[in-house]
Amino acid sequence: MGEQLSTKHLLGIKGLSTEDIQLIFETADEFKDVINRPIKKVPSLRDITIANVFFENSTRTKLSFELAEKRLSADVINFSSSNSSVKKGETLLDTVNNILSMKVDMIVMRHSSPGAPHFLSRHIDANIVNAGDGTHEHPTQALLDTYSIREKLGDVAGKKVAIIGDILHSRVAISNIFALQKLGAEVMVCGPITLLPKYISSLGVKVELDVRKALEWCDVANVLRIQLERQHIKYFPSLREYSLYYGVNKKLLDSLNKEITVMHPGPINRGVELSSDVADSEHAIILDQVENGVAVRMAVLYLLASVSK
Amino acid sequence: MGEQLSTKHLLGIKGLSTEDIQLIFETADEFKDVINRPIKKVPSLRDITIANVFFENSTRTKLSFELAEKRLSADVINFSSSNSSVKKGETLLDTVNNILSMKVDMIVMRHSSPGAPHFLSRHIDANIVNAGDGTHEHPTQALLDTYSIREKLGDVAGKKVAIIGDILHSRVAISNIFALQKLGAEVMVCGPITLLPKYISSLGVKVELDVRKALEWCDVANVLRIQLERQHIKYFPSLREYSLYYGVNKKLLDSLNKEITVMHPGPINRGVELSSDVADSEHAIILDQVENGVAVRMAVLYLLASVSK
Amino acid sequence: MGEQLSTKHLLGIKGLSTEDIQLIFETADEFKDVINRPIKKVPSLRDITIANVFFENSTRTKLSFELAEKRLSADVINFSSSNSSVKKGETLLDTVNNILSMKVDMIVMRHSSPGAPHFLSRHIDANIVNAGDGTHEHPTQALLDTYSIREKLGDVAGKKVAIIGDILHSRVAISNIFALQKLGAEVMVCGPITLLPKYISSLGVKVELDVRKALEWCDVANVLRIQLERQHIKYFPSLREYSLYYGVNKKLLDSLNKEITVMHPGPINRGVELSSDVADSEHAIILDQVENGVAVRMAVLYLLASVSK
C-alpha cells in the first residue's frame, strides 16, 4: 500500500480521480481479507482519534464507520446533534473547532445541509469524510456500491446500471452516477417523473420512466429506498401505486429472459420498492454491499490518514 | 474450563439443561475472582465483536452486559431502536442481517416481542443472548439471581423461594421459576390476584395471596419491582395500598421469628414494594445480585463463544 | 509525579488547597505534552473503570472527560439519565451503588442538584469528580480556565480577572472565583444587576455594572455564555439589549488602549455576549481552554486514581 490519495478529504465522488477510486478499491480488497479472518483488527490507526459527528440521524452508516474505525484500532468519539451544543446556538465551525482542539485527527460528518463538509474543509486541518450532506453526495455509499459491482461482475467498465426510484431526494443516486461514470459504466435513472430532478439528463445519464424497459436495458439494478420520512409533499398517490408501477418483483425479473444483479442501499421497505423474493434471491447482493461497506470505509480512513502526514 | 454448553444461544431458561446452568455457575465463579482483582480484564474474547441490540430501553442490563463484554476484551457495538432504521420500516431480520454482514459474532438482544430472539436464532449464524423478550424470559437475570442464592446459602436445591409482586408482567419471575425448579428449589408466587397470571399454577409453583404467609414459608424472598411504566390499566387501587398489603418491611420480617434472604432485581421503589430498612439490611443481597450479574454474563458470553467455533 | 492530592474526590474548588491546584497544573503540563505527541495515549489508568454519570445533558464537558479517560487507557462506561432507571423512581444513591457494584473505580458526575456529588462522596468508596452540580460548582472548568491564564500570562498571581455576564446561574463563575483567589488573582464580576446574586460581594470580589469599566480594570475578561435554556424568567429585556450593554466587541476593546486576554467557556453565542471579531482574534484563548481541558482532566483523574490506592 505504497500509493497515496490525491486528496486529504473525501467530500464527494465528483472531485475524486479514477486513480483514487482504484486505489481505494485495491486497499479495500486487502481489508476485506482482514475482516474475514478470525482476528479482524489491524493496528494501522492506533494513534489516530476519529470523531463521528452526525448532525442527522443514522444507524447503518454510523455503525459501519464505527466498526471500520475500531478494526483499524483508532480511538473513536461520537458526537450527535440530538444531545449537542448545536441546539444551544453554536455555529458549525465553532462546534468542529472545539472537537479539533481536543486533538481529533479525522472527522466523519453527516449533515443535513449540502456542502457542510466542503465548508469545513476550507477552515480546518483535520481530514474530513463526508458521510452524507443533505441531498448532495454520499461518497462512501457510492464507493461500496461500485466496489460490490466490481466484485460481482469482475469490472464496472462497460456495465449498464439502472438506478431506480426516488432520484430527487437521493444523495446515493448522485454519488453513484459520478462513480459509475468515472469507472466507465453506462447509467440510467428510472422513476416517476415527480421523483426525477430536472437537471438529471445534464449529467449524461439516460432517463426512463418505464421500469420494465430499464430492467431490460441494464446489467445491474440499484433499487433505491422510498424515503417516506423525507416526503412532506406527496410525490406519488400511494405506496401501493408506487409498488405496482415501480416495485421490482420476481415476476417482472423472470419475464426478462436474462439475469440482472439487484442492489439496494437499505433499509429495504419490503413489498414497496422491492419484493421479498427478489431481496432474498441469489441475484441480490444487498448484504454484500453492507459487508463491503466496512472494508471500503476502512480503506478510505486508512488512505486519508496517511495523506495528512 | 474445558466443558461446553449444549446450546449455541441463550434464549431462555426453559431450554437450558441443569448441567448447562451448573457450568455457567462454575465459570462465573472464576470470573468473579477476575473482576475483584486489580486487573479486571481477561483477553478471552478479544477477537470477537458483540452487538448489543436493544429495541427496548434498558440501563442496568445493558451496562452490565457492556462491562462483561469489555472485561472479556470483546469489541462492542451498540445499536438501540430509538435512533434506528427500525423506525424506517425495516424488518427485524433485515436489521439483524445487516449487523451480521458487518461481521458481528454475537448478538445480545432485548425486544418487546416475546419470542423475537427465538425467531432470529432460526435464521442467523451468530450466537444470540436474550436480554429480555417482552413478558416472556430474561434468562441472565434468573441465572444471576439463582447464582446469588447459591452464593449466600451454599446451594439452591431444597431451598424455598417466594417471588413476590407483579408476576403478570414479569419475565424475571418466569425465568426464575424455571431456573429454581431445575436447580431443585421449591417456588411460591405471591401478589394481588390481579397480578397473578391464570396459568401460573400449571408451572408447578405454590400460589399465595397473603404476603405474611409467603414470608413465613420461604428461605428467600425475591421482591419484584412494581413496574409503573408498564401499567396502562390499574391492577391495584394505589401505590399506598399496594405497599400496605404487599410491601416487605422490617416490622413484618422481625415478626417472623426467622431470618430470610431478601432479593430485588432493581431498580427499587423504596417505600413501595420494599422499605429502606430492609433494602439496606444485612439480609438483602441486592447489590451482590448486581455484582454477580457481570460475572454471570461474562460466563455466558465466554461459554457461548466457544460453542460457535 | 511522586506527589499526591490531599483529597480523594474533586467536589469543588472551595475545598481544594492551593498546593493541590499547583500539583494538578504541573501534572497537566506533562499530559499536555502527551496529547500533542503523535502517540497521544499513556497506559496509566488501564486497570481503572470510570463511569461518566450525566444526569444533565452535556456535550463538550462529557467529550472532554471521555477523551481524557481514553488517553489514560481507562475503561469507560457512559450512563445518562435520559435512558435511565432514574426515571423509574430510583434514588441517586441506589443508582450509583448499582454502578459501583459493577466494580467501577471512579465516577464523573453531572447533576442538576447542588451538592449531589458531595452527598454521594459521604456514602461510597469510589473517587468522585464533580462535572457540574446545578448552579454550585464546576471545578474542572475553573482549573482549565486558570491553567489557561497561567499558560498565557505566565502566572495567575497578581492578575486582574473580570468575569462578565450571567453570574447568577453560573457554576463556572463561582468555581473560577474560588480558584482565582486561591492562586492570588484579583476578581471582579460584571453583569446586569438582575444577573448578580446578592451574596456575591461577600466572596471578596469587586462588583461592577459597567462593562467598559470592568474591561478597563482587568488583564483577563472571562465572558460567560448567556444560557438561554436556563432562563424561565426574563432577566433582561432582549438579547439585542444585552448585546448592546454587555456584549464584548472589537470596538470596545480597541478603545481601551491596552490589550486584554479574552476567555469564554463555550458554546459561544456569537453576536450576543461576544462578537466574532473578538472570538477569533489573537487575544482570545477560547480554543486553548478546550485543549487544556483534556490535559487538566487527565491530570485530575490520574492524581485521584493514585489517592484511592
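Residues numbered from 1 in each chain as written. Chains lettered and ligands numbered in written order. Predicted model: local features only at pLDDT ≥ 70, side-chain atom pairs only at ≥ 80, totals over all residues. Heavy atoms only, no water.

**Q** Looking at this structure, how should I read the overall build of chain A?
**A** Of regular secondary structure, chain A possesses 11 helices and 9 strands. What you see for chain A is a C-alpha radius of gyration of 19 Å, in line with the 19 Å of a compact globule of 309 residues. With respect to the principal axes defined by its C-alpha atoms, chain A has extents near 55 × 45 × 35 Å. A total of 309 residues make up chain A; the buried ones form 62% of that total. For chain A, the proportion of contacts with a sequence separation of at least 24, taken over those separated by at least 6, is 74%. For chain A, the computed accessible surface area is about 11700 Å², with 49% contributed by carbon and sulfur atoms. With 36 positive and 37 negative side-chain charges, chain A shows a spacing of 4 Å between the two charge centroids. (Helix = DSSP H or I, 4+ residues; strand = E, 2+ residues; numbered from the N terminus. Rg over C-alpha atoms; globule rule 2.2 N^0.38 Å. Buried < 20%, exposed > 50% of the residue type's maximum accessible area, 1.4 Å probe, protein only. Contact = heavy atoms within 4.5 Å. Areas by Shrake-Rupley, 256 points an atom, 1.4 Å probe, with all protein chains shown as cover. Lys, Arg positive; Asp, Glu negative; His and termini not counted. Charge placed at Lys NZ, Arg CZ, Asp CG, Glu CD.)

**Q** Got a minute to help me understand the sheet that holds strand E4 (residues 127-133) of chain C in this structure?
**A** By way of backbone hydrogen bonds, the strands of a sheet pair with one another, either parallel or antiparallel. All names here are of chain C. As summarised here, the arrangement of the 4 strands in space is E2-E1-E3-E4, forming an open sheet in which the pairing is parallel. Pairing within the sheet leaves two strands with one partner each, and these edge strands are strand E2 (75-80) and E4. For this sheet, the mean inter-axis angle between neighbouring strands, taken without regard to orientation, is 15°. Of the strand pairs in this sheet, strand E3 (residues 106-111) and E4 are connected by 5 bridges, and their pairing is parallel. Along E4, the bridge assignment pairs His111 with Asp133. Each of strand E1 (49-54), E3 and E4 touches helix H11 (residues 286-307); the most contacted strand, E4, lies at about 145° to it. (Pairing = 2+ DSSP bridges. Axes fitted to C-alpha atoms, helices over the stretch in contact; angles between N-to-C directions.)

**Q** Would you explain a negative patch on the surface in this entry?
**A** All names here are of chain A. A surface patch of negative charge is lined by Glu3, Glu26, Glu30 and Asp33. Among the structural elements, Glu26 can be located in helix H1 (residues 18-35). Glu26 gets classed as partly exposed once you look at its relative accessible area, which sits at 41%. (Patch = residues over 30% accessible without salt bridge, like charges linked within 9 Å, V, L, I, M, F, W, Y side chains within 5 Å. Salt bridge = Lys/Arg side-chain N within 4 Å of Asp/Glu carboxyl O.)

**Q** I keep staring at the pairing of strand E5 (residues 160-164) of chain B and nothing clicks. Help me out?
**A** In summary, the side chains of a regular strand alternate between the two faces of the sheet. Residues and elements named next belong to chain B. The buried count for E5 comes to 4 of 5 residues, which makes it a mostly enclosed element. In this structure, E5 lies alongside strand E8 (residues 220-223), joined through 4 bridges in parallel fashion. Counted as the bridge partner of Ala162 is Ala221 from E8.

**Q** I would appreciate a short explanation of the interface of chain A and chain B in the present structure.
**A** Much of the literature gives interface size as the accessible area that the parts lose upon coming together. Across the contact, 25 residues belong to chain A and 22 residues belong to chain B. Buried surface at the junction of chain A and chain B, both sides included, amounts to about 2200 Å², of which 53% is carbon and sulfur. It is Thr59, Arg60 and Leu63 of chain A that lose the most area in chain A upon contact with chain B, and together they represent 23% of the buried surface on that side. Counting the contacts that link chain A with chain B gives 5 salt bridges. Asp94 of chain B is paired through a salt bridge with Arg270 of chain A; the nearest N and O atoms lie 2.6 Å apart. One can count 12 residue pairs in polar contact (both at pLDDT 80 or more) joining chain A with chain B. If you list the elements that add at least two residues to the side of chain A that touches chain B, you get helix H2 (60-71) and helix H11 (286-307) of chain A. When residues of the side of chain A that touches chain B are assigned to their parent elements, the largest contribution, 6 residues, is made by H2 of chain A. (Buried area = accessible area lost by both parts, 1.4 Å probe. Polar contact = N/O pair within 3.5 Å; in protein donor to acceptor, adjacent residues only side chain to side chain.)

**Q** How should the domain arrangement of chain A be read in this particular structure?
**A** Residue and element names in this part refer to chain A. In terms of domain boundaries, chain A breaks down into domain 1 (18-138 + 290-307) and domain 2 (140-285). Computed from C-alpha atoms alone, the centre-to-centre distance between domain 1 and domain 2 is 26 Å. Domain 1 puts 26 residues into the contact, and the matching count from domain 2 is 23 residues. When domain 1 packs against domain 2, the two sides together hide about 2100 Å² of surface, and 56% of this comes from carbon and sulfur. At the junction of domain 1 with domain 2, the criterion picks out 3 salt bridges. Glu56 is the partner of Arg171 in a salt bridge, and the nearest nitrogen-oxygen pair spans 3.3 Å. (Domains from an automatic or database assignment.)

**Q** How should the environment of Asp75 of chain B be read in this particular structure?
**A** Among the secondary structure elements, Asp75 of chain B is positioned in strand E2 (residues 75-80). Through-space distance from the C-alpha of Asp75 of chain B to that of Gly293 of chain B is 20 Å; in sequence the pair is 218 residues apart. The contacts of Asp75 of chain B, once residues within four sequence positions are left out, are Lys41 of chain A together with Ile48, Thr49 and Ile50 of chain B.

**Q** I would appreciate a short explanation of the relation of the copies chain A and chain B in the present structure.
**A** Between chain A and chain B, which share one sequence, the superposing operator has a rotation angle of 120° and an axial displacement of 0.1 Å; the RMSD is 0.0 Å. Viewed as a symmetry operation, the transformation between the two copies matches a three-fold axis. (Least-squares fit on C-alpha atoms with pLDDT ≥ 70 in both.)

**Q** Would you explain the interface of chain C and chain B in this entry?
**A** If you look at the interface, chain C gives 22 residues, while chain B gives 25 residues. Note on chain C versus chain B: buried area summed over both sides is about 2200 Å², and carbon and sulfur give 53% of it. The tally of links from chain C across to chain B stands at 5 salt bridges. Applying the counting rule to chain C against chain B returns 12 residue pairs in polar contact (both at pLDDT 80 or more). Residue classes in the side of chain C that touches chain B are distributed as 5 nonpolar, 10 polar and 7 charged. (Nonpolar A, V, L, I, M, F, W, Y, C, P; charged D, E, K, R; others polar.)

**Q** For this particular structure, what's the right way to read the packing of aromatic side chains?
**A** The relation between two aromatic rings is expressed through the spacing of the ring centres and the mutual angle of the planes. Under the definition given, this model contains 15 aromatic pairs over all chains. Here the aromatic rings of Phe55 of chain A and Phe79 of chain A are separated by 6.2 Å at their centres, their planes lie at 65°, and the arrangement is edge-to-face. Of this pair, Phe55 of chain A sits in the loop between strand E1 (49-54) and H2 while Phe79 of chain A sits in strand E2 (residues 75-80), and the two are 24 residues apart along the sequence. Note on accessibility: Phe55 of chain A and Phe79 of chain A belong to one class, buried. The ring of Phe65 of chain B is capped by Arg297 of chain B, whose NZ or CZ atom sits 4.8 Å from the centre of that ring. (Phe/Tyr/Trp six-rings, centres within 6.5 Å; stacked < 30°, edge-to-face > 60°. Lys NZ or Arg CZ within 6 Å of the ring centre and 35° of its normal.)

**Q** Sorry if this is basic, but what is going on with unusual backbone geometry here?
**A** Cis peptide bonds are those with omega within 30 degrees of zero, and the linkage from Gly266 of chain B to Pro267 of chain B qualifies with -10°. Among the structural elements, Pro267 of chain B can be located in the loop between strand E9 (261-263) and helix H10 (276-279). Phi at Lys103 of chain A takes a positive value of approximately 70°, unusual for a residue other than glycine. With respect to the secondary-structure elements, Lys103 of chain A resides in the loop between helix H3 (92-101) and strand E3 (106-111). Phi angles above zero are rare outside glycine, and Ser73 of chain B is one such case at about 65°. Following the sequence through the fold, Ser73 of chain B ends up in the loop between helix H2 (60-71) and E2.

**Q** Would you take a moment to explain the UniProt feature "binding site: L-aspartate" (unreviewed entry) in chain A for this structure?
**A** All names here are of chain A. Listed under "binding site: L-aspartate" (unreviewed entry) in the UniProt record, and renumbered for this structure, are Lys88, Arg171 and Arg225. Looking at the secondary structure, you find Arg171 in helix H6 (residues 171-182). Among the polar contacts listed, one links the side chain of Arg171 to the side chain of Glu56, at a separation of 3.3 Å. Turning to its location among the elements, Arg225 is positioned in the loop between strand E8 (220-223) and helix H8 (239-246). At 3.0 Å, the side chain of Arg225 and the backbone oxygen of Pro267 are in polar contact. (UniProt positions renumbered as here; feature names shortened; annotations may be inferred.)

**Q** So what exactly am I meant to see when it comes to the side chain of Arg297 of chain A here?
**A** All names here are of chain A. If you trace the backbone, Arg297 turns up in helix H11. Of the side chains with opposite charge, Asp145 comes closest to the buried, unpaired Arg297, at an N-O distance of 8.1 Å. If we ignore the near neighbours within four places in the chain, the residues touching Arg297 are Thr61, Ser64, Phe65, Ala68, His138, Thr140, Gln141 and Leu144.

**Q** Please clarify how the pattern of salt bridges should be interpreted in this entry.
**A** Side chains carrying opposite charge are able to pair once their charged atoms draw close together. Inspection of the entire model under this criterion finds 39 salt bridges over all chains. For Glu291 of chain A, the salt bridge goes to Lys103 of chain B, with nearest N and O atoms at 3.4 Å. Linking Glu291 of chain A in helix H11 with Lys103 of chain B in the loop between helix H3 (92-101) and strand E3 (106-111), this pair reaches from one chain into another. Judged by its relative accessible area of 12%, Glu291 of chain A falls in the buried class. Glu291 of chain B is paired through a salt bridge with Lys32 of chain B; the nearest N and O atoms lie 3.7 Å apart. Pair noted here: Glu291 of chain B is in helix H11 (residues 286-307) and Lys32 of chain B is in helix H1 (residues 18-35), with a separation of 259 residues, a long-range link. Exposure remark for Lys32 of chain B: the relative accessible area of 13% places this residue in the buried category. Linked through salt bridges whose partners overlap, the residues forming this network are Lys32, Glu151 and Glu291 of chain A together with Lys103 of chain B.

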